[in-house]
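Here is how the chains run, residue by residue.
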Amino acid sequence: MLERELASTAIEWPETPDIAAAVTERLAAPPRRRWFAPRPAWQIAVATVALVIAVLMAVPPTRAAVLDLLGLRSVRIEHREPRPSTFGHRLAVGDPVTLAQARRRFPVKVPAALGPPTAVYLAENPTRVDMVYRGGPLVTELHATATPVIEKAIGSASKFERLTVGGDRAYFISGANHGFAYIPAGSAEPHFEDQRLAGNTLLVERSDGILLRIEGKLDRDEAVRLAESVG
Amino acid sequence: MVGRPLTEQELVERAREGDGTAYATLVRDHEETAFRIAYVICGNAADAEEAAQEAFVKAYRALGRFRSGEPLRPWLLAIVANEARNRRRSAGRRTALVLRAAGEGRPSGEAAPSPEAALLAGERRAVLLAGLGRLSERDRTVIACRYLLELSEAETAATLGVRPGTVKSRLSRALDRLREEVGEDA
C-alpha cells in the first residue's frame, strides 16, 4: 500500500541545473595543479621506496645493509677530491700535441702578441690547430673560408662587422652567442659548429689560405691587434 | 550512419578518446536522475548540483575503468551518490529533506477522483513525503531510488554500492520506519 502510494506520487523536484554545460566547461579548462593533487598509488609507492632508500643510504652502516639487500655489495662509494680536468678538455678540440708536432701537420702561425700557447690541439678532417691560452683567447687555424656561410651561423641578436685585417677580409662577431661556420679548402660542404667560449669572435681569411679564428673576451681592436701579430 | 543517434556504448568509446561532445551527451542523458539522487542525499539543491557536477567530472577521468558493454547509468549514479554523501558529511549539516508532491498524482486507469478525495490524497502525500524527509539518509535514499526515481533493484544496488539482496532488506526496514513516521503500524 505504502509502496503503491509512493510510486504514484509525482514529486516536485527542484529544477535540474545544466550540469552537462558546467562539466564540459570544467573538462575543457586546463587541470589545476595542486601539490596535494591525488596521485596514482604506484607513484606514491615509488616515491616512498626511493625516500626510504635515500634515508638509509645516508648513514654508512645502513648503507652497507641496503647495498646487500639490493645485491650491490660490490659497489664501493668513495669520497675523493675531484681531479682537475685537462686544460682545454671541455672544448671540442682535437688531440693534445706539442707545437712542434702540430707544425708537422699544419703551418701553424702563432700570434706574437700572445707568445707560445698553453696547450695545442690538433684535429683532422679538416686539419685544424687550436691554440689555447690560459685566461686568454682560443686561436684556431685551418685551411678554409668563412664566406659566405658564416652569416648563416650568426643569430640576429649578434653584431656582425666586416673588416680588413692586414689587407685580408675579416669578420668581427660580438654580442649574443653565435655559431661558427666555414668551408674547408678543397670542399664544397660547409661545416657548422657551436660557439666554444663565451665571447666575441674575429675571423680573418688570410691570403695564405688560412682561416684564422680568435675567440674570447676581447673587443674588436684587441682582436685585430692579435690577428695582426700572427706571423 | 547518417541520422542514427549514437548508442550509449559508442558515446562512451568516443568520450574515452577525448570527445567532449560525446561526453556532454551522456551527461545530459543522466543529469536529471543524478541531480535528484544527489538532492535526496544532500537535502539541498546547491550541494546536489555541486556533487553531481563533481561526480561527472570524476566519472570522465575514470572512464578508462568503466567496463565496456555494461550499463552506464548505475556506474555513474554510484559515483554521484558517493560524491553526494561525501559532501553531506563534510558539510556537517543534517537538514531534513523537503519533498513536495506535484499538483496531481500520476495518471492511472482509474476515474478522476472527487475533489474531496483529491484533497485527502494530497494531504496524505504531503504527510508521506514529510515522513520520508525525516528518515535517515540511508533509509530515504533507498526508498527514493526504488519508488520516486524508479530505479530497478539492480540499479539501486549499484548506486548504493550494496548487493541486490541487501537492497531488499534495507528497503523493507526503511518502509517500516516510514510507516512509524506517519503513524501507521507495520
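Residues numbered from 1 in each chain as written. Chains lettered and ligands numbered in written order. Predicted model: local features only at pLDDT ≥ 70, side-chain atom pairs only at ≥ 80, totals over all residues.

A. Structural view of the overall build of chain B. Each helix and strand counted, chain B has eight helices and zero strands in total. A total of 186 residues make up chain B; the buried ones form 37% of that total. By sequence separation, contacts in chain B at least 24 residues apart represent 68% of the contacts at least 6 residues apart. (Helix = DSSP H or I, 4+ residues; strand = E, 2+ residues; numbered from the N terminus. Buried ≥ 20, exposed ≤ 12 C-beta atoms within 10 Å, placed from the backbone. Contact = placed C-beta atoms within 7 Å.)

B. Region of interest: the interface of chain B and chain A. On the side of chain A, 22 residues touch chain B, which itself brings 32 residues to the contact. Secondary-structure elements contributing two or more residues to the side of chain B that touches chain A are helix H2 (20–42), helix H3 (45–61), helix H5 (115–134), helix H6 (137–148) and helix H8 (164–181) of chain B. In terms of residue count, H2 of chain B provides more of the side of chain B that touches chain A than any other element does, nine residues in total. In terms of residue class, the side of chain B that touches chain A is made up of 18 nonpolar, four polar and ten charged. (Nonpolar A, V, L, I, M, F, W, Y, C, P; charged D, E, K, R; others polar.)

C. Quick look at the pairing of strand S5 (residues 158–165) of chain A. Residue and element names in this part refer to chain A. Taken together, the eight bridges between S5 and strand S6 (residues 168–175) define a ladder with antiparallel strand orientation. Across the sheet, the residue bridging to Ser158 is Gly175, located in S6. With antiparallel pairing between neighbouring strands as the criterion, S5 and S6 make up a hairpin whose turn holds two residues, including Gly166 at a positive phi of roughly 60°. (Pairing = 2+ DSSP bridges.)

D. Seen up close, the pairing of strand S7 (residues 180–184) of chain A. Residues and elements named next belong to chain A. With two bridges connecting them, strand S4 (residues 138–145) and S7 associate as antiparallel partners. Paired with Ala144 across the two strands is Pro184, which belongs to S7. Here S7 runs beside strand S8 (residues 191–193); their pairing, made up of three bridges, is antiparallel. From the neighbouring strand, Phe180 faces S8, where its bridge partner is Glu193.

E. Geometry of the environment of Val204 of chain A. All names here are of chain A. Among the structural elements, Val204 can be located in strand S9 (residues 200–205). For the pair formed by Val204 and Ala170, sequence separation is 34 residues and the distance between their alpha carbons is 4.2 Å. Every residue in contact with Val204, bar those within four places of it in the chain, is listed here: Val165, Asp168, Ala170, Leu212 and Ala227.

F. H2 of chain B, seen in detail. Between its first and last C-alpha, H2 of chain B extends only 28 Å over 23 residues, short of the 33 Å set by a 1.5 Å rise per residue. Where H2 of chain B bends most, the angle comes to about 50°, and this point is His30 of chain B. (Expected span 1.5 Å × (residues − 1). Bend = angle between axes of the 7 residues up to and from the residue.)

G. Highlighting the nonpolar core. The biggest cluster of nonpolar side chains holds 51 residues, and the ones touching the most others in it are Ala34, Ile37, Ala38, Ala52, Val80, Ala84 and Ile143 of chain B. Top contributing element to this core by residue count: H2 of chain B, with twelve residues. Two domains each donate at least three residues to this core, and these are domain 1 (8–91) and domain 2 (115–181) of chain B. Counting 36 residues, the second largest nonpolar core, distinct from the first, contains Ala144, Ala153, Ala170 and Val204 of chain A. (Core = buried A, V, L, I, M, F, W, Y, C linked by C-beta atoms within 7 Å. Domains from an automatic or database assignment.)

H. Molecular detail of unusual backbone geometry. Of note, the amide linkage connecting Asn125 of chain A to Pro126 of chain A takes the cis form, showing an omega dihedral of -10°. Inspection of the secondary structure puts Pro126 of chain A in the loop between strand S2 (119–123) and strand S3 (128–132). The phi dihedral of Asn125 of chain A falls on the positive side, at around 55°, and the residue is not glycine. Within the secondary structure, Asn125 of chain A is located in the loop between S2 and S3. Overall, the presence of 9 C-beta atoms within 10 Å leaves Asn125 of chain A in the exposed class. The backbone phi angle of Glu150 of chain B is positive, close to 55°, even though this residue is not glycine. Here Glu150 of chain B lies in the loop between H6 and helix H7 (153–160). Glu150 of chain B sits in the exposed class, given 12 other C-beta atoms within 10 Å.

I. Summary view of the confidence of the model for chain B. Per-residue pLDDT for chain B averages 87, and the proportion of residues at 70 or more is 88%. Across the assembled chains, the prediction reports ipTM 0.86 with pTM 0.51. (pLDDT = per-residue confidence, 0-100.)

J. Molecular detail of the packing of H6 of chain B against H7 of chain B. All names here are of chain B. Where H6 meets H7, the axes come as close as 9 Å, and the angle between the chain directions of the two elements is 145°. In this structure, H6 crosses over H7, and the sense of that crossing is right-handed. Only Thr156, Thr159 and Leu160 of H7 make contact with H6, whose side of the interface consists of Thr141, Val142, Cys145 and Arg146. Broken down by class, the residue content of the contact of H6 with H7 amounts to three nonpolar, three polar and one charged. (Axes fitted to C-alpha atoms, helices over the stretch in contact; angles between N-to-C directions. Left-handed = near helix turned anticlockwise from the far one by under 90°.)

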